[in-house]
Amino acid sequence: MTVPGSPVSPGASKMSSVPWKRLELAALCAYAVVFYSAMVQRSLRLARDYTGKLYGLRAGSIPGRLNDSSDAQWRNFRGNLPVLTIVMAAFLIVANGLRYGCSLKGRGASLVWLILSLIYLCYLHGACVGFILVIAGINYAIVKLFARYKYCTGIIWSFNLAMLTLNRVYEGYSFSLFGQQLAFLDNYRGTFRWHICFNFVVLRMISFGCDYCWTLSSSHFDHKKHMQKCEVCYSGKTCYFALQEKGLSVDKYTFLTYLCYLTYAPLYIAGPVVSYNAFAAQLDVPQKNYSVGQICCYGLRWILNFLLIEVMTHFFHYNAFVVSRLWRQLTPFEIFIISYGVLIFMWLKFFLIWRYFRFWSLVGGVETPENMPRCINNCPDLESFWKSWHASFNKWLVRYVYIPLGGSRRKLLSIWVVFTFVAAWHDLEWKLISWAWLTCLCFVPEIVIKSFSNNFQAKSTLGRFIHRELCAIAGAVTVSSLMVANLVGYVVGPSGIKVLMARMLHKDALPALGTIFTTFYVGVKLIFHIRDARKT
């Protein structure tokens, strides 16, 4: 089921003045305040009662509070933040100093960035940088050799999927596999596993190959037509979409620029994902869509959100409950609180990680898509959720997977391929595959109902009211489905489905399930009111 966006007709501004809508908004806000107050209170109590049983709690920076450091990804990022910031400052001082001081463009800028990035990679991966360069070289050779053939993109995809699988199976390989004379290099593997970061390199290698093939096949992008719809391009600037879609001249697809693109330090570890066309275009002309003041505000907002997650991990130990597998001891409503809290924590964690590296990239003159453009609580349907969660990856999937598979003409089939790839790209685990397929099962009815809903236009006030209520109920069902999929993928796992179902379907759990569904319904209605306000 779905919410096809805010179901508001052109008469929405008139409806917003209706007294009952004001009363409804007041009632929804009151419910939200009561619910979140109860959730905060229960979360504090859970953290206090289970402190001695939770794994991953460490001495915190807030006096008298333990910090939830059970998430390895956040723990590593937070712990390495001082060193990472020093690296960022050094990279930007040298790279920007040479770029603007010596007026470097194209090959000159890419050479400077490549040297600095390789130094960074040697610190991260040590001798394993050799694996990255060898695989990158083979991919480049494949692209250049087969670019003019019809099935070139198929060959590129096959090679990269094979490397993605082999890297995982052999855990980044051992140098001894290639001869005992190289075994000593296993003592110099750096501080970070290279094959984990290589997942993003795979996306870039595919992007380079496809962009080059499509440029040779003279794929046309109507820039004039795009300017009529795009406010950024109409103002004289160039938006990211235009940078991505406009094919470059053939001489821009060089090995030097290619290696610079694969290893570019600000985006290497975690993205955001940027296409080759957009990256290479900004080597000649640095981004101008963000002013210095806007970038400074962007950095300030990051600091404030970092303080927010510090408070969250010190007072609400959601992720520690998952790691400790204590969810089986909780009531259904408490399981919901923990799973919802984990989802919020994950969103905020990735929000901070991705915006940190995007900030670094923006200061360096390269604009990338925003990964978290919308708060997770403002996504009442699966489509808007996935357009907002890891949005740069979503844009990559649309360009290199979804559209080549047929786009909207084969949407019901394409989503299975897309989500299966997303799961396998993250890791080769059945838990993630089951999460992907559960998400697709939720997506199918949403797509079907959305196609009917978009053709329905309520004209009377009563018709609009009924349509709005049905959309709110459908949104609550969709959010519930999303919660179940994420429970399986990130909390209980496939092995815990039976236990979870037994707990949730017991008659004692019905009041909690009713409360949860009502909360989602209220949340969706609040989203509608917010979107109505923005339209007036």
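Residues numbered from 1 in each chain as written. Predicted model: local features only at pLDDT ≥ 70, side-chain atom pairs only at ≥ 80, totals over all residues. Heavy atoms only, no water.

1. Topic: the layout of surface pockets
Roughly 730 Å³ of volume is contained in the second largest pocket. What lines the second largest pocket is a set of 29 residues, and nearest its centre among them are Y240, F241, Q244, E245 and K395. Of all elements in the fold, only α7 (194–216), α10 (240–245) and α18 (391–402) reach the threshold of two or more residues within the lining of the second largest pocket. Top element by residues in the lining of the second largest pocket is α18. It accounts for 5 residues. Considered class by class, the residues forming the lining of the second largest pocket number 12 nonpolar, 9 polar and 8 charged. Residue assignment places the lining of the second largest pocket across two domains, with domain 1 (55–369) and domain 2 (375–535) each supplying three or more. (1 Å grid on protein atoms, 1.4 Å probe; cavity = no way out; pocket = protein on both sides within 12 Å on 5 of 7 lines; lining within 4 Å. Points joined across faces, edges and corners; volume = space filled by probe spheres on them. Helix = DSSP H or I, 4+ residues; strand = E, 2+ residues; numbered from the N terminus. Nonpolar A, V, L, I, M, F, W, Y, C, P; charged D, E, K, R; others polar. Domains from an automatic or database assignment.)

2. Some details on the pattern of salt bridges
In total, this model carries 16 salt bridges according to the counting rule given. A salt bridge links D186 to R189, with the shortest nitrogen-to-oxygen separation between them at 3.0 Å. Connected through salt bridges with shared partners, the residues R42, R45, R48, D49 and E334 form a single ionic network. (Salt bridge = Lys/Arg side-chain N within 4 Å of Asp/Glu carboxyl O.)

3. Some thoughts on the packing of helix α6 (residues 152–169) against helix α19 (residues 411–426)
Running from amino to carboxyl end, α6 crosses α19 at an angle of 40°, the nearest separation of the two axes being 10 Å. Judged by the inter-axis angle, α6 sits oblique to α19. On α19, the residues that touch W157, L161, L164 and R168 of α6 are F421, A424, W425 and H426. For the contact of α6 with α19, the per-class residue count stands at 6 nonpolar, 1 polar and 1 charged. (Axes fitted to C-alpha atoms, helices over the stretch in contact; angles between N-to-C directions. Parallel < 35°, antiparallel > 145°, perpendicular 65-115°, else oblique. Contact = heavy atoms within 4.5 Å.)

4. A few points about the side chain of Q287
Checked against the element boundaries, Q287 lands in the loop between α13 (276–284) and α14 (292–315). A relative accessible area of 12% means that Q287 is categorised as buried. With sequence-adjacent residues up to four places away left out, Q287 is seen in contact with Q282, I295, L362, G365, V366 and E367. (Buried < 20%, exposed > 50% of the residue type's maximum accessible area, 1.4 Å probe, protein only.)

5. A closer look at the packing of α7 against α19
Where α7 meets α19, the axes come as close as 9 Å, and the angle between the chain directions of the two elements is 140°. Between α7 and α19, the crossing angle belongs to the class labelled oblique. Residue-level inspection shows N199, F200 and L203 of α7 in contact with α19, the latter providing F421, W425 and H426.

6. Considering the environment of L432
Within the element layout of this structure, L432 appears in helix α20 (residues 430–453). On the accessibility criterion, L432 (9% relative accessible area) is buried. Taking the C-alpha atoms as reference points, L432 and F419, 13 residues apart in sequence, are found 9.7 Å from one another.

7. Digging into α14
In this model α14 runs 35 Å from its N-terminal to its C-terminal C-alpha over 24 residues, within 8% of the 34 Å that 1.5 Å per residue would give. Where α14 is concerned, the buried positions are I295, Y298, G299, W302, N305, F306, I309, E310, M312, T313 and H314. If you follow the buried residues of α14, they end up packed against β2 (66–68), α3 (72–101), α15 (318–323) and α16 (332–363). (Expected span 1.5 Å × (residues − 1).)

8. Some points on the packing of aromatic side chains
If you walk through the whole model with that rule in mind, you get 53 aromatic pairs. The aromatic ring of F350 is capped on one face by K349, whose charged end is 4.4 Å from the ring centroid. (Phe/Tyr/Trp six-rings, centres within 6.5 Å; stacked < 30°, edge-to-face > 60°. Lys NZ or Arg CZ within 6 Å of the ring centre and 35° of its normal.)

9. Observations concerning the domain arrangement of the protein
Structurally, the protein comprises domain 1 (55–369) and domain 2 (375–535). Between domain 1 and domain 2, the C-alpha centre-to-centre distance is 26 Å. Buried area between domain 1 and domain 2, both sides added, is near 3600 Å², and the carbon and sulfur share of it is 74%. Of all residues in domain 1, W327, L343 and W347 give up the largest surface area on contact with domain 2, accounting jointly for 17% of the area buried on that side. (Buried area = accessible area lost by both parts, 1.4 Å probe.)

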